[in-house]
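Here are the chains, one letter per residue:
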Amino acid sequence: MPDRLLAVRAGEGDESAFEALVRRHGPDLLRLATRMLGSATEAEDAVQEAFVSAWRSLPEFRGDAAFRTWMYRIVTNRCLNQLRSRRPTTDLDAVPEQEAPGHEGSPARDAEAGAGLRELSRVLDGLSPEQRACWLLREMHGLSYEEIADTVGSSPQAVRGRMFRARRALTEAMAAWR
């Protein structure tokens, strides 16, 4: 069943239609929030709060944007607000890394891959929250510039500018890893 129809039914109080939307979009929204916030617990809270907010707002949902884009916008805004209000807590280098279960490979390759991912994470953390949101929505979730603009409440031109600056920063910082 299409999202638009499920959203209309959910807006009329159909809980099973809303559950279908949560099952369909929840995993992608959780991945986005986890990447933006860097904490699975905070991401789960942000996505849950976003779905509660969406449930309350569905009767007013006009369908101007796709339900998916609307939810990305709600989650992105929650994450950006959380990032803006966050105070530094723990240096990531002080937290020991956990190995992925069942991961087999050469120790040198594992160390290099881990170092590269840590560096990418460090560089992403150095981007402004808006640049990081645009980059994640484009590169990790495949949204178009227009969808990203709708999601972050901006123009496609502003999204292009943020993407340009984010890609430039990532390219410069990750040059040694090519």
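Description of the structure in this document. None of the values given here were measured: they were computed from a predicted structure.

1. Considering the packing of helix H4 (residues 67-85) against helix H6 (residues 129-140)
Interaxial distance between H4 and H6 falls to 10 Å at its minimum, and their mutual angle equals 145 degrees. Of the two possible hands of crossing, H4 and H6 adopt the one that is right-handed. Here Tyr72, Thr76, Leu80, Leu83 and Arg84 of H4 come into contact with H6, specifically with Pro129, Glu130, Arg132, Ala133 and Leu137. Here the contact of H4 with H6 is built from residues that sort into 6 nonpolar, 1 polar and 3 charged.

2. Structural notes on the packing of aromatic side chains
In this structure the tally under the stated criterion is 3 aromatic pairs. Between Phe18 and Phe51 the ring centres are 6.0 Å apart and the planes differ by 85 degrees, which places this aromatic pair in the edge-to-face class. Of this pair, Phe18 sits in helix H2 (residues 15-37) while Phe51 sits in helix H3 (residues 40-57), and the two are 33 residues apart along the sequence. Both residues of the pair, Phe18 and Phe51, belong to the buried class. Between Arg138 and the ring centre of Tyr145, over which it is positioned, the NZ or CZ distance is 4.7 Å.

3. Some points on H4
For H4, spanning 19 residues, the distance from its first C-alpha to its last is 27 Å, which sits close to the expected 27 Å at 1.5 Å a residue. Here H4 has its buried residues at Phe67, Thr69, Trp70, Met71, Tyr72, Ile74, Val75, Thr76, Cys79, Leu80 and Leu83. Structurally, H4 contributes buried residues whose contacts are with helix H1 (3-11), H2, H3, H6 and helix H7 (145-152).

4. A look at the pattern of salt bridges
Here the structure, examined in full by the defined rule, presents 8 salt bridges. When the shortest N-O distance is used, the salt bridge between Arg24 and Asp3 registers 2.4 Å. With Arg24 in helix H2 and Asp3 in helix H1, the pair connects residues that are 21 residues apart, well separated along the chain. Under the relative-accessibility criterion, Arg24 is labelled partly exposed at 38%. Residue class for Asp3 comes out buried when judged on its relative accessible area of 17%. The closest approach of N and O atoms between Arg68 and Glu147, which form a salt bridge, is 3.8 Å. Residue Arg68 is found in helix H4, and its partner Glu147 is found in helix H7; the two are separated by 79 residues along the sequence.

5. Description of the side chain of Asp3
Of note is the side chain of Asp3, whose polar atom sits 2.7 Å from the side chain of His25. Non-local contacts of Asp3, meaning those with residues more than four positions away in its chain, are made with Leu21, Arg24, His25, Phe67 and Arg68.

Rules used throughout
Residues numbered from 1 in each chain as written. Predicted model: local features only at pLDDT ≥ 70, side-chain atom pairs only at ≥ 80, totals over all residues. Heavy atoms only, no water. Axes fitted to C-alpha atoms, helices over the stretch in contact; angles between N-to-C directions. Helix = DSSP H or I, 4+ residues; strand = E, 2+ residues; numbered from the N terminus. Left-handed = near helix turned anticlockwise from the far one by under 90°. Contact = heavy atoms within 4.5 Å. Nonpolar A, V, L, I, M, F, W, Y, C, P; charged D, E, K, R; others polar. Phe/Tyr/Trp six-rings, centres within 6.5 Å; stacked < 30°, edge-to-face > 60°. Buried < 20%, exposed > 50% of the residue type's maximum accessible area, 1.4 Å probe, protein only. Lys NZ or Arg CZ within 6 Å of the ring centre and 35° of its normal. Expected span 1.5 Å × (residues − 1). Salt bridge = Lys/Arg side-chain N within 4 Å of Asp/Glu carboxyl O. Polar contact = N/O pair within 3.5 Å; in protein donor to acceptor, adjacent residues only side chain to side chain.

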